Every structure is written in structure tokens, then in C-alpha cells.
Amino acid sequence: MNKLQKYSTPQLVGELRKRKEVQLFDGGLYANTELRGKYGHENIKLPNNYWILLISDSFPLNSN
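The rules we used
Residues numbered from 1 in each chain as written. Predicted model: local features only at pLDDT ≥ 70, side-chain atom pairs only at ≥ 80, totals over all residues. Heavy atoms only, no water. Helix = DSSP H or I, 4+ residues; strand = E, 2+ residues; numbered from the N terminus. Buried < 20%, exposed > 50% of the residue type's maximum accessible area, 1.4 Å probe, protein only. Contact = heavy atoms within 4.5 Å.

Q: Mind showing me how you'd approach unusual backbone geometry here?
A: Backbone phi values are negative for most residues with the exception of glycine, while trans is the configuration of most peptide bonds. Phi at Tyr-39 is positive, roughly 55 degrees, even though this residue is not glycine. Its place among the elements puts Tyr-39 in the loop between β2 (34–35) and β3 (44–45). Classification of Tyr-39 as exposed rests on a relative accessible area of 77%.

Q: Just to check I follow, could you spell out the environment of Trp-51 for this structure?
A: Locating Trp-51 in the fold gives a position in strand β4 (residues 51–55). Residue Trp-51 is classed as exposed on the basis of its relative accessible area, which comes to 55%. Taking the C-alpha atoms as reference points, Trp-51 and Leu-24, separated by 27 residues in sequence, lie 6.7 Å from one another. With sequence-adjacent residues up to four places away left out, Trp-51 is seen in contact with Leu-24, Phe-25, Asp-26 and Gly-27.

The values reported here are purely geometric and, on their own, carry no functional implication.
Below, the structure written as C-alpha cells:
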């Protein structure tokens, strides 16, 4: 775990972007959007400029 502390978040995201299982999307489409909180949680206002990082965990299903 200590090895990860050597890398900043932008460095880590930059390295992840190089991998085929990872996609990075500009979240600006949902700027000025508010997520409604459920079960007593507060609403969350999304920032105007942010990124969405999707990591695909698509391993072939074992048919056995």
C-alpha cells in the first residue's frame, strides 16, 4: 500500500487511461445537475467540470 502513496491522483489516472479496460469521459454533460439523496442523505450538486472514470471488469464467464 505504501507504494501507491508515491503517485499523485493525476499520475494514477494518467496511467489508468493507457489501459484498454479503462475509459475516461468528460462529465460536463451533467454540469449543474443535482443528485437527490435517499434515505436521509443530502442532495449532491455535481461540479461544472469533472471526469468520469469507468473501469471494465469483464472477465470471461466460466462455463463449468
